[in-house]
Amino acid sequence: MVDVVVVGTVALDDVKTPFGEVKNALGGSATFASLACSLFSKVGLVAVIGNDFPEKHIDFLASKKIDLKGLERDKARKSFHWSGEYGLDLNVAKTLRTDLNALETFSPKLPEEYRKADFLFLGNLDPEIQLNVLAQMKKRPSMVVADTMNLWIELKREKVLQVVKEVDIALMNDAEARQLFRTPSLVRAAREILSLDSKVAIIKKGEHGCVMFTDKKHFACPGYPLEKVIDPTGSGDSFGGALIGYLARTRDFTEKNMRKGIVYASSVASFNAEAFSTEKLSKISEADVRKRYREFKGFVRF
């Protein structure tokens, strides 16, 4: 029985940054989120791959004890492929090409045991798919976290708002929050998220960390001061996966523990940005994350 179900994309990425480039590298929201989550909890991955997806990547995910019963293979299509480039401002990715391929007709069907899971992470996907997955759960999970992106806000704003209303924690970056709620104020955007019944609003700010809002309090977590960022692709997904993995392990949803979860998640996300693709996540251990967590505590104390 898995603790957390992660639904999203498994992709082959071409990424170029000022520090190098990779071709057909393992990527996708479900990939990064599942790897990060697996540091804390047992995770089941739900996604689709195509007929060109390398077996070595499947073997790698399985080696990290990620349950792959929910990973479908479309034998008639190629895998989802994303090509992007970063300049010196590594907070902004320029999409060069997106080939949906197998993702174009993807309609997730959760394995029976996944439908009973107590924790659900809805990675960056069409909001209608996110809602469909939530409807497949046998019971309401104890915690549902959802992420989104500017494309879905532009194309399906009302559905994105419906997802925000249905989940416990709504994740989005600062530009997405401003776009979704049509306001320059992140505080106002967070209040709008909470007014839609989300218990917690977390707004990611790239290298500058994130801000969490609840009804009565807010908490600002800085970004870890990395000397050299190689590739930020997947860091937001890693943040979300680590957060729900930590919450699934502790089963403590108090505001105090949520703050701890955010610092752990920020630690994992910072590791991810230190290398291309999943190279760094493939190597770190929970002990590495705990060490960076303690560093966070040191440099925010005053």
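This one's a predicted model, so the numbers in the text were calculated from it and none came from an experiment. (Residues numbered from 1 in each chain as written. Predicted model: local features only at pLDDT ≥ 70, side-chain atom pairs only at ≥ 80, totals over all residues. Heavy atoms only, no water.)

1. Focus: the overall build of the protein
Defined as follows: The helix and strand labels rest on DSSP assignments: H or I over at least four residues marks a helix, E over at least two residues marks a strand, and numbering proceeds from the N terminus. Radius of gyration means the value over C-alpha atoms here, while the globule rule gives 2.2 Å times the residue count to the 0.38 power. Whether a residue is buried, partly exposed or exposed follows from its accessible area with a 1.4 Å probe, protein chains only, as a fraction of its type maximum: under 20%, in between, or over 50%, in that order.
A count of helices and strands for the protein gives 10 helices and 13 strands. Relative to the globule expectation of 19 Å for 302 residues, the C-alpha radius of gyration of the protein, 18 Å, shows essentially globular dimensions. Projected onto the principal axes, the alpha-carbon positions of the protein cover approximately 55 × 45 × 35 Å. Each of the 302 residues in the protein was classed as buried or not, and the buried ones make up 57%.

2. A short note on the layout of surface pockets
Spelled out, the test is: The way it works is a 1 Å grid over only the protein atoms, where trapped points that fit a 1.4 Å probe form a cavity and open points with protein on both sides within 12 Å along at least five of seven lines form a pocket, and then any residue with an atom within 4 Å of a point lines it. Grid points are joined across faces, edges and corners, and a volume is the space filled by probe spheres set on the points. Gly is put with the polar residues, along with every residue not named as nonpolar or charged; the nonpolar set is Ala, Val, Leu, Ile, Met, Phe, Trp, Tyr, Cys and Pro, and the charged set is Asp, Glu, Lys and Arg.
In this structure, the second largest pocket occupies an estimated 360 Å³ of space. F219, R259, V263, K297 and V300 are the residues nearest the centre of the second largest pocket, which is lined by 14 residues in total. Elements with a minimum of two residues in the lining of the second largest pocket: β13 (218–221), α9 (255–272) and α10 (286–300). A per-class count over the lining of the second largest pocket returns 9 nonpolar, no polar and 5 charged.

3. Details of empty space enclosed by the protein
Across all of its chains, the model carries 1 cavity of 30 Å³ or more by this definition. Those elements giving two or more residues to the lining of the largest cavity turn out to be α3 (127–136), α5 (157–166) and β10 (169–173). Taken together, the residues of the lining of the largest cavity sort by class into 9 nonpolar, 2 polar and 1 charged.

4. Things to note about the pairing of strand β1 (residues 4–7)
To keep things clear, this is the line we draw: Should DSSP find at least two bridges between two strands, the strands are taken to pair.
Residues V4 and V6 point to one face of β1 and V5 and V7 to the other, with burial holding for every one of them. Where β1 and strand β4 (residues 43–49) come together, 4 bridges link them in parallel fashion. Within β4, the residue paired with V6 across the bridge is L45. Pairing geometry for β1 and strand β8 (residues 119–122), over 4 bridges, is parallel. Across the sheet, residue V7 finds its bridge partner in β8, namely L122.

5. Points about the side chain of N272
Convention followed: Here, two residues are considered to be in contact whenever any of their heavy atoms come within 4.5 Å of each other.
Among the structural elements, N272 can be located in helix α9. Those residues within four positions of N272 in sequence are excluded, and the remaining contacts are F32, D231, P232, T233, G234, S235, S238, S277, K280 and L281.

6. Quick notes on the sheet that holds strand β5 (residues 67–73)
The line we're drawing: Between N-to-C directions, angles cover 0 to 180 degrees, with each direction set by a line fitted to C-alpha atoms, over the stretch in contact for helices.
Taken in spatial order, the 9 strands of this open sheet run β5-β4-β1-β8-β9-β10-β11-β12-β13, and their pairing is mixed. Two strands bound the open sheet, and with one partner strand each, they are β5 and β13. Sheet twist, expressed as the mean angle between neighbouring strand axes with direction ignored, is 15°. Packed onto the sheet, helix α2 (residues 55–63) meets β4 and β5 and runs at close to 155° relative to β5. Seen against the sheet, helix α6 (residues 174–181) touches β10 and β11 (200–204) and runs at an angle of roughly 105° to β10.

7. Describing the packing of α6 against helix α7 (residues 186–195)
Basically, it comes down to this: Throughout this description, any angle smaller than 35 degrees is read as roughly parallel, any larger than 145 degrees as roughly antiparallel, any in the 65 to 115 degree range as roughly perpendicular, and the remainder as oblique. For any helix crossing, the convention is left-handed if the near helix is rotated counterclockwise from the far helix by under a right angle, and right-handed if that rotation is clockwise.
Here α6 crosses α7 at 65°, and the two axes come no closer than 9 Å. Looking at the two axes, α6 sits roughly perpendicular to α7. In the crossing of α6 with α7, the sense of the turn from one axis to the other is left-handed. Contacts between α6 and α7 involve D174, A177, R178 and F181 from the former and L186, A189, E192 and I193 from the latter.

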